[in-house]
Amino acid sequence: MENTGKLSSKTVLSYGMGEFGFNFINYLIAYYLLFFMTNVLLLPISTAAVIYSVIQFFEAGTGLLCGILVDRSKLKGKYTTWALRGAIICAIFGTLVFTNFPVSTLAKEIIFIISYFLCYLGFNFMWVSYRALVGVVGKTSEQTVKLSVTASQLGTIGMFLFSYVGVKLLNIQNQTLAFFLSAAIYGVILIISFVIVRAGSRQADLEHSEETTVQKKLEAKDILKTFNAPTVLFSVASILRFAAQTVLGSLLVYYFSLVMKSSNMMTIYLLENSILTFLSGFVVTAAVKKMSKLTLYYSSTLTSLVFMAIAYFIGKTPVTFLVFMGFYIFFNAMGGQLLMPFFADLADYNEYERGLDTRAFTYSISSGCIYLSQAVGAAIASFGLSTIGYDATLPVQPQSFVDGVGVVMLVGSIVVTLISLLPMLFYKLNAKTMEGVYAKKAAATAKAEE
């Protein structure tokens, strides 16, 4: 029978600390990795583009592999064990990623590639195991929602701290030291956070291991069946949407520091981002009671692009740019917060419509989408910089860069996001379809309780 006991606040908060912990290193990589490669490691922009882009495809593959390995693991308490192991690996090699060793350029490239690969191998194990814990710790739909929302809110608090403290740390004069200290501090935060997650979720994880007397292996045919039409369509849409955000995030630091001549704008932007993303969650919760997720996804995404276009044409001063981008952030965050619920729909559809027990693997697909999107977005951003004439060795950038960076960053993001909506026109898991899935899920739950 399903355990419907109330979750303690301690359990909920300890679980949420996971997202708080890994968001620091996420933001460091999302906003500053390309800048670190070109301006600290001093790699040629074309070399940085190739390295940063190609390695993402390997990371996407390892993300799927980690989902399979965690599913097949026979360890008792496997989710908390692999989450903590992954966090430790990610913290160690994440620090090495942002370390500028006094060696040749070729050696720097080799160290960077190996460290980055191992960093995200650890992150994949951590992320897949952490997401899988939601259904282990939470026994009811209400409990799993509470766990997810709390994790998201604590992750937003992490974003807030990064925007206020992290950017200031990165702006110290010695950039080599700044990046090393940032990565090392975030690595310690990551490990401590997942020690807390393990402490709060370990008992439930062990009990789940005891309850699972027969473990079904994830077979090749199950993997192939998981890549059905809805999964493929939504995965493509997610890759392109995240790619557009990667283009924007990768180029903001260049735009603020070299075009608007105000590196402090990055601090304000990230602070604005954290506050508006946090607030958008309340609107999403209310809006899904009035309209379908698909309708909300389309409307919020298109509205966000309108404000980004306005920022491109009118936002010529720091104040006007930040105002219009604030509206973009708010509506874009609304659409973004629906991505994981869509993947939950896919997991339910595969399980209750198609008989596929591939829930963890489905979430590993979502992580693979993120990595592929980073490759696509980084390629657009880095080759875009090369096209408009960026040269890190020049004291003053050419006019072609000043004129073109806004085009690559904003117009490029708009175009890629619009393309990302096209696959969703053929996505069939609408409200009516999911009503049938939820009915089967409720029937299965009732049967298990008999």
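Residues numbered from 1 in each chain as written. Predicted model: local features only at pLDDT ≥ 70, side-chain atom pairs only at ≥ 80, totals over all residues. Heavy atoms only, no water.

Q: Looking at this structure, how should I read the overall build of the protein?
A: Along the backbone of the protein there are 16 helices and zero strands. The C-alpha atoms of the protein give a radius of gyration of 22 Å, which matches the 22 Å a tight globule of 450 residues would have. By its C-alpha atoms, the protein is 75 × 45 × 40 Å across when sized along the principal axes. Scored against the burial criterion, the 450 residues of the protein give a buried share of 52%. Here the contacts in the protein between residues at least 6 apart in sequence split such that 84% fall between residues at least 24 apart. Total accessible area on the protein is roughly 19300 Å²; 68% of this is exposed by carbon and sulfur atoms. (Helix = DSSP H or I, 4+ residues; strand = E, 2+ residues; numbered from the N terminus. Rg over C-alpha atoms; globule rule 2.2 N^0.38 Å. Buried < 20%, exposed > 50% of the residue type's maximum accessible area, 1.4 Å probe, protein only. Contact = heavy atoms within 4.5 Å. Areas by Shrake-Rupley, 256 points an atom, 1.4 Å probe, with all protein chains shown as cover.)

Q: Sorry, what's going on with the packing of aromatic side chains here?
A: Aromatic ring pairs are reported here in terms of the distance separating the ring centres and the angle at which the planes meet. Within this structure, the stated rule accounts for 33 aromatic pairs. Ring plane angle 15° and centroid distance 4.7 Å describe the contact between Phe307 and Phe327, whose orientation is recorded as stacked. On the criterion of sequence distance, the pair formed by Phe307 in helix α11 (residues 293-314) and Phe327 in helix α12 (residues 318-336) is long-range, its members being 20 residues apart. On the accessibility criterion, Phe307 (19% relative accessible area) is buried. Overall, Phe327 belongs to the partly exposed group, its relative accessible area being 38%. (Phe/Tyr/Trp six-rings, centres within 6.5 Å; stacked < 30°, edge-to-face > 60°.)

Q: Before we go on, may I ask you to explain the nonpolar core in this structure?
A: Soluble globular proteins: nonpolar side chains tend toward being buried together. Counting 97 residues, the largest nonpolar core has Tyr32, Phe194 and Phe321 as the members making the most contacts within it. Tallying contributions element by element places helix α1 (residues 9-39) first for this core, with 16 residues. Membership of the second largest hydrophobic core comes to 28 residues, among which are Ala237, Leu294, Phe342 and Phe343. (Core = buried A, V, L, I, M, F, W, Y, C linked by side-chain atoms within 4.5 Å.)

Q: Even after reading the chapter, I still don't get unusual backbone geometry, so can you show me in this structure?
A: The general pattern is negative phi for most residues beyond glycine and trans for most peptide bonds. With phi around 60°, Leu42 is a residue other than glycine that occupies positive phi space. Assignment of secondary structure puts Leu42 in the loop between α1 and α2 (45-72). For Leu42, a relative accessible area of 58% translates into the label exposed. Of note in the backbone geometry, Lys261 takes a positive phi value of approximately 55° without being a glycine. Tracing the backbone shows Lys261 in the loop between α9 (229-259) and α10 (264-287). Under the relative-accessibility criterion, Lys261 is labelled exposed at 63%.

Q: What exactly am I supposed to notice about the pattern of salt bridges here?
A: Two side chains of opposite charge can pair, provided their charged atoms sit close to one another. On inspection of all chains with the given rule, the structure shows one salt bridge. The partner of Arg131 in a salt bridge is Glu19, and the shortest N-O contact between them spans 3.3 Å. In this pair, Arg131 is assigned in helix α4 (residues 105-132) and Glu19 in helix α1, connecting sequence segments 112 residues apart. The exposure class of Glu19 is buried, given its relative accessible area of 12%. (Salt bridge = Lys/Arg side-chain N within 4 Å of Asp/Glu carboxyl O.)

Q: Sorry, what's going on with the side chain of Thr417 here?
A: Tracing the backbone through its elements, the reader meets Thr417 in helix α15 (residues 399-421). For Thr417, the side chain forms a polar contact with the main-chain oxygen of Ser413, separated by 2.7 Å. What Thr417 contacts, discounting residues up to four positions off in sequence, is Ala244, Thr301 and Leu305. (Polar contact = N/O pair within 3.5 Å; in protein donor to acceptor, adjacent residues only side chain to side chain.)

Q: Even after reading the chapter, I still don't get the confidence of the model for the protein, so can you show me in this structure?
A: Fine structural detail should not be taken from predicted coordinates in areas where pLDDT scores are low. Summing up the model confidence of the protein, the mean pLDDT is 84 and the portion of residues at 70 or higher is 91%. Low pLDDT, under 50, characterises residues 211-215; the predicted model gives this stretch three contacts beyond four residues in sequence or across chains. (pLDDT = per-residue confidence, 0-100.)

Q: Please clarify how helix α13 (residues 339-352) should be interpreted in this entry.
A: Owing to its 3.6 residues per turn, the α-helix aligns residues three or four sequence positions apart on the same side. Between its first and last C-alpha atoms α13 spans 20 Å; for 14 residues at 1.5 Å apiece the expected length is 20 Å, and the two agree. Leu339, Phe342, Phe343, Asp345, Leu346, Ala347, Asp348, Tyr349 and Asn350 are the residues of α13 that are buried. (Expected span 1.5 Å × (residues − 1).)

Q: Any chance you could explain the environment of Ala48 here in plain terms?
A: Inspection of the secondary structure assignment puts Ala48 in helix α2. Using a relative accessible area of 0% as the deciding quantity, one classes Ala48 as buried. When the C-alpha positions of Ala48 and Pro230 are compared, they lie 34 Å apart, and in sequence the two are 182 residues distant. What Ala48 contacts, discounting residues up to four positions off in sequence, is Leu34, Met37 and Thr38.

Q: Help me understand the environment of Asn39, please; the structure alone is not making it clear to me.
A: Its place among the elements puts Asn39 in helix α1. Separated by 311 residues in the primary sequence, Asn39 and Asn350 place their C-alpha atoms 46 Å from one another. In this view, Asn39 contacts Gln175, Tyr254, Tyr390 and Ala392; residues no more than four positions away in its chain are not counted.

Q: Explain the side chain of Ser373 here, please?
A: Assignment of secondary structure puts Ser373 in helix α14 (residues 359-387). By relative accessible area, Ser373 is classed as buried at 1%. Polar side-chain contacts of Ser373 include one of 2.5 Å to the backbone oxygen of Ile370. Ser373 has contacts with Ile239, Phe242, Ala243 and Thr246, leaving out every residue within four places of it along the chain.

Q: I tried to follow the packing of α10 against α12 on my own but got confused; where do I start?
A: To characterise two packed helices, one gives the angle between the axes of the helices and the distance between these axes. Running from N to C, α10 and α12 point in directions that differ by 35°, and their axes come no closer than 8 Å. Viewed along their axes, α10 and α12 form a crossing whose handedness is right-handed. Contacts between α10 and α12 involve Met265, Ile268, Tyr269, Glu272, Asn273, Leu276, Thr277, Leu279, Ser280, Val283 and Val284 from the former and Pro318, Phe321, Leu322, Met325, Gly326, Ile329, Phe330, Ala333 and Met334 from the latter. Here the residues of the contact of α10 with α12 sort into 15 nonpolar, four polar and one charged. (Axes fitted to C-alpha atoms, helices over the stretch in contact; angles between N-to-C directions. Left-handed = near helix turned anticlockwise from the far one by under 90°. Nonpolar A, V, L, I, M, F, W, Y, C, P; charged D, E, K, R; others polar.)

Q: Hey, could you run me through a nonpolar patch on the surface in this one?
A: Taken together, the side chains of Ile157, Phe160, Leu161, Tyr164, Val165, Ile275, Phe278, Leu279 and Phe282 define a hydrophobic patch exposed on the protein surface, amounting to about 780 Å² of accessible area. If you list the elements that add at least two residues to the nonpolar patch, you get α6 (141-170) and α10. No other element matches α6, which puts five residues into the nonpolar patch. Its location among the elements puts Phe160 in helix α6. (Patch = residues over 30% accessible without salt bridge, like charges linked within 9 Å, V, L, I, M, F, W, Y side chains within 5 Å.)

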